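Fold and contact review
Listed below are the residues making up each chain.
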Amino acid sequence: MATGAGDNRTAIIYIAAMISRVCRWIAWPLLLAIIFVTVSPIGLRPVTPAPADLERFVAYAALGGVFCLGYPKHRLLALVSLVALAGALEALQHLVPTRHGRISDAAVKALGAATGILVAQRLATFCPSLFGRDV
């Protein structure tokens, strides 16, 4: 039995909605985790063998990507918000005795967020039926 074009369209809409929902469910806990790791005492910060700037960049790139895919109609808002968040969290680190905020760290985070959003935007451009709309 052959499936019609309507069935395929319905399936694509369903998959697009699920991708958006999953990205939203990932974005908010990831945001909370980044906030916690950034403003908690240094002893609570996870340690990996990667350089700290790479960790920052990747974390914000992932955050930017999932917010972009989760809220495709609000990509510019996501970019502006994540850049502002990076700066605000670096400033808040001055309130924690074992931490120090730096402009260079905020810049790496902002660049990561912008890169994540750009990559997600490109993905949406290549496959607009799955990533191009807010469903």
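Now for a look at the structure at hand. (Residues numbered from 1 in each chain as written. Predicted model: local features only at pLDDT ≥ 70, side-chain atom pairs only at ≥ 80, totals over all residues. Heavy atoms only, no water.)

Here's the deal with the pattern of salt bridges
Applying the stated criterion to the full structure yields five salt bridges. A salt bridge links R56 to D53; its shortest N-O distance comes to 2.7 Å. Of this pair, R56 and D53 both sit in helix 2 (residues 52–70), three residues apart, roughly one helical turn. On the basis of relative accessible area, R56 is assigned to the buried category, the value being 17%. One salt bridge in this structure joins D105 and R102, with 3.5 Å as the shortest N-O distance. D105 sits in the buried class, given a relative accessible area of 3%. Taking the relative accessible area as the measure of exposure, R102 reaches 40% and is therefore partly exposed. A single salt-bridge network, built from bridges that share partners, covers D53, R56, R102 and D105. (Salt bridge = Lys/Arg side-chain N within 4 Å of Asp/Glu carboxyl O. Helix = DSSP H or I, 4+ residues; strand = E, 2+ residues; numbered from the N terminus. Buried < 20%, exposed > 50% of the residue type's maximum accessible area, 1.4 Å probe, protein only.)

Description of helix 2
Compared with the 27 Å implied by 1.5 Å per residue over 19 residues, the 27 Å span of helix 2 between its first and last C-alpha is a close match. Buried residues of helix 2: E55, R56, Y60, A61, L63, G64, G65, V66, F67, C68, L69 and G70, and no others. (Expected span 1.5 Å × (residues − 1).)

Details of the environment of A27
With respect to the secondary-structure elements, A27 resides in helix 1 (residues 5–39). In this structure A27 comes out as buried when scored by relative accessible area, which is 0%. Between the alpha carbons of A27 and G70 there is a distance of 7.7 Å; along the sequence they are 43 residues apart. Beyond its immediate stretch of four places on either side in the chain, A27 contacts L63, V66 and F67. (Contact = heavy atoms within 4.5 Å.)

Details of the nonpolar core
With 20 residues, the main nonpolar core has Y60, L63, F67, L82 and L85 as its most contacted residues. Broken down by secondary-structure element, the contributors of at least two residues to this core are helix 1, helix 2, helix 3 (75–92) and helix 4 (103–126). Apart from residues no more than four positions distant in its own chain, L63 is found in contact with A27, L30, L31, I34 and L82. (Core = buried A, V, L, I, M, F, W, Y, C linked by side-chain atoms within 4.5 Å.)

Some details on the packing of aromatic side chains
For the structure shown, the criterion picks out three aromatic pairs. With a centroid separation of 4.9 Å and 85° between ring planes, the pair formed by W28 and F67 is classed as edge-to-face. Taken together, the residues span a long stretch of sequence, with W28 in helix 1 and F67 in helix 2 at a distance of 39 residues. For W28, a relative accessible area of 43% gives the class partly exposed. (Phe/Tyr/Trp six-rings, centres within 6.5 Å; stacked < 30°, edge-to-face > 60°.)

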